[in-house]
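Here are the chains, one letter per residue:
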Amino acid sequence: MGIARLLAKGWLVFCVFAGAHAFAHAGFGLQAVLPVAIPVVLFAAMGELFIAGFGLSSGHLLSRLLPLRIAPGFDGVVFTTFLALSFGIQVAPHHISGGLLDALQRAVDFFVPSQRFLETRLVRCHLNGAQAFSFAASWLLAFISLGSALSRVRMAAALIRLERKRQIEPFGPSGIALVLGILSVAGIQLLFVGSLLRWPSCDSLREISGAVLIGAAPLMLAYLVAAAVANLLATNPEA
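So, here is what we can say about the structure in this document. Quick caveat: nothing in here was measured; it's all calculated off a predicted structure.

## Considerations on the side chain of Gln115
Inference 1: On the secondary structure map, Gln115 appears in helix 7 (residues 113-124).
Inference 2: There is a polar contact of 3.2 Å between the side chain of Gln115 and the backbone nitrogen of Ala136.
Inference 3: With residues near it in sequence (within four places) discarded, Gln115 still touches Gln105, Val108, Asp109, Ala132, Phe135, Ala136 and Trp139.

## Digging into helix 10 (residues 172-193)
Inference 1: With 22 residues, helix 10 ought to run about 32 Å at 1.5 Å a step, and its terminal C-alpha atoms sit 30 Å apart, in line with that.
Inference 2: Those residues of helix 10 that fall on the buried side of the exposure criterion are Gly172, Ile176, Ala177, Leu180, Ser184, Gly187 and Leu191.
Inference 3: Where helix 10 is buried, its residues touch helix 1 (3-25), helix 7, helix 8 (130-150), helix 9 (153-166), helix 12 (208-215) and helix 13 (217-234).
Inference 4: Gly194 occupies a position one or two residues after helix 10 and carries a positive phi of about 110°.

## Some words on unusual backbone geometry
Inference 1: Here the phi dihedral of Phe28 falls at roughly 55°; this positive angle occurs in a residue that is not glycine.
Inference 2: With respect to the helices, strands and loops of the structure, Phe28 is situated in the loop between helix 1 and helix 2 (33-55).
Inference 3: One non-glycine residue, His126, adopts positive backbone phi at about 60°.
Inference 4: Checked against the element boundaries, His126 lands in the loop between helix 7 and helix 8.
Inference 5: Here His126 falls in the exposed class, since its relative accessible area comes to 73%.

## Side note on the packing of aromatic side chains
Inference 1: The tally for this structure, following the rule as stated, stands at eight aromatic pairs.
Inference 2: Pairing Phe23 with Phe28 gives two aromatic rings, centres 5.4 Å apart and planes at 90°, and the pair type is edge-to-face.
Inference 3: Considering the side-chain rings of Phe110 and Phe111, the 5.0 Å spacing of their centres and the 90° angle between planes classify their relative orientation as edge-to-face.
Inference 4: Feature note: the residues Phe135, Trp139, Phe143 and Phe192 constitute an aromatic cluster, connected by ring pairs.

## Concerning the nonpolar core
Inference 1: With 44 residues, the main nonpolar core has Leu83, Leu118, Trp139, Leu180 and Leu219 as its most contacted residues.
Inference 2: If one sorts the elements of this core by residue count, helix 13 sits on top with 10 residues.
Inference 3: Aside from chain neighbours lying at most four places away, what touches Leu180 is Leu6, Leu224, Ala227, Ala228 and Asn231.

## As for empty space enclosed by the protein
Inference 1: The full count for this structure, using the stated rule, is one cavity of 30 Å³ or more.
Inference 2: Here the largest cavity is characterised by a volume of approximately 50 Å³.
Inference 3: Every residue along the wall of the largest cavity is listed here: Asp75, Val78, Ser145, Leu146, Ser148, Ala149, Arg152, Ala222, Tyr223 and Ala226.
Inference 4: Among the secondary structure elements, those contributing two or more residues to the lining of the largest cavity are helix 5 (74-91), helix 8 and helix 13.
Inference 5: Element by element, the count of residues in the lining of the largest cavity is highest for helix 8, at four residues.

## Considering the pattern of salt bridges
Inference 1: All chains considered together, the criterion is met by two salt bridges.
Inference 2: One salt bridge connects Arg152 with Asp75, and the closest N-O pair in it is separated by 2.4 Å. Placement of the pair is Arg152 in the loop between helix 8 and helix 9 and Asp75 in helix 5, with a sequence separation of 77 residues.
Inference 3: For Arg152, a relative accessible area of 25% corresponds to the partly exposed category.
Inference 4: For Asp203, the salt bridge goes to Arg206, with nearest N and O atoms at 3.1 Å. Taken together, the residues span about one helical turn, with Asp203 and Arg206 both in helix 11 (residues 202-206) at a distance of three residues.
Inference 5: Of the residues examined, Arg206 reaches a relative accessible area of 39% and is grouped as partly exposed.

The rules behind these values
Residues numbered from 1 in each chain as written. Predicted model: local features only at pLDDT ≥ 70, side-chain atom pairs only at ≥ 80, totals over all residues. Heavy atoms only, no water. Helix = DSSP H or I, 4+ residues; strand = E, 2+ residues; numbered from the N terminus. Polar contact = N/O pair within 3.5 Å; in protein donor to acceptor, adjacent residues only side chain to side chain. Contact = heavy atoms within 4.5 Å. Expected span 1.5 Å × (residues − 1). Buried < 20%, exposed > 50% of the residue type's maximum accessible area, 1.4 Å probe, protein only. Phe/Tyr/Trp six-rings, centres within 6.5 Å; stacked < 30°, edge-to-face > 60°. Core = buried A, V, L, I, M, F, W, Y, C linked by side-chain atoms within 4.5 Å. 1 Å grid on protein atoms, 1.4 Å probe; cavity = no way out; pocket = protein on both sides within 12 Å on 5 of 7 lines; lining within 4 Å. Points joined across faces, edges and corners; volume = space filled by probe spheres on them. Salt bridge = Lys/Arg side-chain N within 4 Å of Asp/Glu carboxyl O.

Pasting the structure below:
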């Protein structure tokens, strides 16, 4: 997957997820459809046009925008399904606690440093444990999504090599692998280790930006890491 298409999908996911939470904050009322839909469409179009300008440098912009090229594959379907499930967990009126669910949250708390950091921030901000449970669920879904993608990473790398025979990427195969690798390492430091969670204020954690960070960021990081590994393997014809 090229960087332009990855950026386009990531921006679209961000806009739709943020718009869904804005609609949820409005109580899912019909009167909120247009006030939410119009900014989402405008922001999505603005980002896609900016990214399309980057795609022009490769000389294959029209072929990249074909519906068959934009449509998600199996990994994309898994990612979208898990993203919808993460959103459903966040907007559920009552979170079930106790038993297996508490055990899963404690397991994520043990393996993910940012989970522990978020729980500390939530206590200091006098917020309930719903965000902590949603964050743990998002990380669990992210690990499952990443494992599913890595189980087919050689096939994905082979498809990327076939695609590059028809199209020339502006950064070249090694350049794309390097850029995605750097972004993955930065994402792991910011999201998995938890450096990013030092920046948002308590008000931000209560608002849509905090909801996107908690519900979508781990899954988007997993998708990025899988894309980086696939592009790295694609640089080796024998992989």
